[in-house]
Structures are given as structure tokens and as C-alpha cells.
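Each chain, letter by letter, is given below.
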Amino acid sequence: IYGGDYGRFNLKASTVASAFGKLVMHEELQVSPADAAASLLHMIGANIAQLAYLCAREHGVSRILFAGNFLRMNMTSAIFLSSSINYWSQGKMKALFLRHEGYFGSLGAMLMSKDTTTACREVRNDDKRQQQQQQQQQQ
């Protein structure tokens with residue numbers, strides 16, 4: 001919390017603010033599962049967008065590419081990520097999303113887990129095997 005304690009809300013200056021701030025209040029709150037899920041999606045999206053923006057700014061990158069299964073059929077988060085990046089960068093950066101995000105998320109994980117040269121060689125070999133199998137099936 002910035003600026004000191006907030007006694008009215010029972011929040012000390014050392015408390016980390018979050019998207020679920022009202023849930024710690026003593027009053028009875030009626031929160032639907034849909035509202036809780038939306039808050040969770042926005043909280044996760046805000047963290048992802050903030051980290052992506054800061055990394056892009058640090059490295060002088062203006063286009064941020066998002067991949068991974070978190071975004072599969074998750075237009076709410078994609079829109080939030082895009083608008084957050086646009087807001088923080090004052091329109092200087094752009095969030096981009098892959099059509100086959102799950103595949104590229106897996107590919108990224110593979111590349112990070114192995115020597116890049118070895119991983120790329122394995123992908124090329126897999127592609128060659130698939131092409132050979134397709135040619136054999138056509139004959």
C-alpha cells in the first residue's frame with residue numbers, strides 16, 4: 001500500500017494491494033463465482049501484462065508476443081493484456097497473439113529446456129519424418 005496505513009480498511013503500509021482487496025473487509029460481501037473468476041483473470045492478466053511491459057521496455061522492444069494455453073479461447077484476458085500494454089506504454093507498444101498459442105508455448109518450453117541448437121535440430125528432424133511418412137502414405 002502506498003502512502004502509509006489505511007486504518008479505515010484495516011490495511012497496514014506493509015500490506016500488498018490486490019484485486020481481491022474488498023474480500024478482506026469485515027462486512028458480509030455477496031460475491032458471485034463469476035465475479036470472483038473475473039477478478040482472478042484480471043489479477044493474473046495484470047501481472048502478466050506488467051511483467052511483459054517492463055521486460056519489453058528494458059530491452060527496447062515495441063511488439064510483445066504472447067503465447068501459451070492460458071490464452072486459448074480466453075478473449076477476456078487477451079483484450080485485457082492488449083489494453084494494459086497499450087495504456088502503460090502510452091500506445092508505443094503492441095501486444096500480439098499467436099493463432100496456435102498452445103503449440104508455440106510448448107515449443108518455447110522445449111527451447112528453454114534444451115540447448116537451442118539441439119532443440120531446433122530435433123524439430124527439423126521431426127518435420128522431415130512427418131514429410132517422409134506423408135509421402136509414403138501417398139504412394
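What you are looking at is a predicted structure, and each value in this text was computed from that prediction instead of being measured. (Residues numbered from 1 in each chain as written. Predicted model: local features only at pLDDT ≥ 70, side-chain atom pairs only at ≥ 80, totals over all residues. Heavy atoms only, no water.)

**Re the packing of helix α1 (residues 33–59) against helix α2 (residues 75–88)**
Geometrically, a packed helix pair is captured by the angle between its two axes and the distance between the axes. It is at 9 Å that the axes of α1 and α2 come closest, and there the two elements cross at 40 degrees. The orientation of α1 with respect to α2, classified from their angle, is oblique. When the axes of α1 and α2 are compared, the crossing they make is right-handed. Note on element contacts: α2 touches α1 through Thr76, Ser77, Phe80, Leu81, Ser84, Ile85 and Trp88, opposite Leu41, His42, Gly45, Ala46, Ile48, Ala49, Gln50, Ala52 and Tyr53. Counted by class, the contact of α1 with α2 contains 10 nonpolar, six polar and no charged residues. (Axes fitted to C-alpha atoms, helices over the stretch in contact; angles between N-to-C directions. Helix = DSSP H or I, 4+ residues; strand = E, 2+ residues; numbered from the N terminus. Parallel < 35°, antiparallel > 145°, perpendicular 65-115°, else oblique. Left-handed = near helix turned anticlockwise from the far one by under 90°. Contact = heavy atoms within 4.5 Å. Nonpolar A, V, L, I, M, F, W, Y, C, P; charged D, E, K, R; others polar.)

**Digging into the side chain of Asn74**
You can see Asn74 is positioned in the loop between β1 (63–66) and α2. Classification of Asn74 as buried rests on a relative accessible area of 12%. Polar contacts involving the side chain of Asn74 include one to the side chain of Ser77, which spans 3.1 Å. (Buried < 20%, exposed > 50% of the residue type's maximum accessible area, 1.4 Å probe, protein only. Polar contact = N/O pair within 3.5 Å; in protein donor to acceptor, adjacent residues only side chain to side chain.)

**Section: α1**
Between its first and last C-alpha, α1 extends 39 Å over 27 residues, near the 39 Å set by a 1.5 Å rise per residue. Among all positions of α1, only Gly45, Ala49, Ala52, Tyr53 and Ala56 are buried. Against β1 and α2 lie the buried residues of α1. (Expected span 1.5 Å × (residues − 1).)

**Looking at the nonpolar core**
With 12 residues, the main nonpolar core is built from Ala49, Ala52, Tyr53, Ala56, Ile64, Phe66, Leu71, Ala78, Leu81, Ile85, Met93 and Ala95. Contributing elements (two or more residues each) for this core: α1, β1 and α2. With four residues, α1 is the largest single contributor of residues to this core. Every residue in contact with Ala56, bar those within four places of it in the chain, is listed here: Val61, Ile64 and Met93. (Core = buried A, V, L, I, M, F, W, Y, C linked by side-chain atoms within 4.5 Å.)

**Considerations on the pairing of strand β2 (residues 94–97)**
For β1 and β2, the ladder comprises four bridges, and the chain directions are parallel. Looking at the pairing, Ile64 lines up with Ala95 of β2. In this fold, β1 hands off to α2, which returns the chain to β2; that crossover is right-handed. (Pairing = 2+ DSSP bridges. Right-handed = clockwise from strand over helix to strand, strands pointing away.)

**A look at the packing of aromatic side chains**
Applying the stated criterion across every chain, the model contains two aromatic pairs. Ring geometry for Tyr53 and Trp88: centres 6.3 Å apart, planes at 35 degrees, overall tilted. Linking Tyr53 in helix α1 with Trp88 in helix α2, this pair joins segments that are 35 residues apart in sequence. The class of Tyr53 is buried, set by a relative accessible area of 10%. When its relative accessible area of 28% is taken as the criterion, Trp88 is described as partly exposed. (Phe/Tyr/Trp six-rings, centres within 6.5 Å; stacked < 30°, edge-to-face > 60°.)

**Digging into the confidence of the model for the protein chain**
Mean pLDDT over the protein chain: 79, with 80% of residues reaching 70 or higher. Within the protein chain, β2 carries the highest mean pLDDT (92), whereas helix α3 (residues 101–113) carries the lowest (73). (pLDDT = per-residue confidence, 0-100.)

**Thoughts on a nonpolar patch on the surface**
Taken together, the side chains of Leu40, Ile44, Ile48 and Phe70 define a hydrophobic patch exposed on the protein surface, amounting to about 280 Å² of accessible area. Checked against the element boundaries, Phe70 lands in the loop between β1 and α2. (Patch = residues over 30% accessible without salt bridge, like charges linked within 9 Å, V, L, I, M, F, W, Y side chains within 5 Å. Areas by Shrake-Rupley, 256 points an atom, 1.4 Å probe, with all protein chains shown as cover. Salt bridge = Lys/Arg side-chain N within 4 Å of Asp/Glu carboxyl O.)

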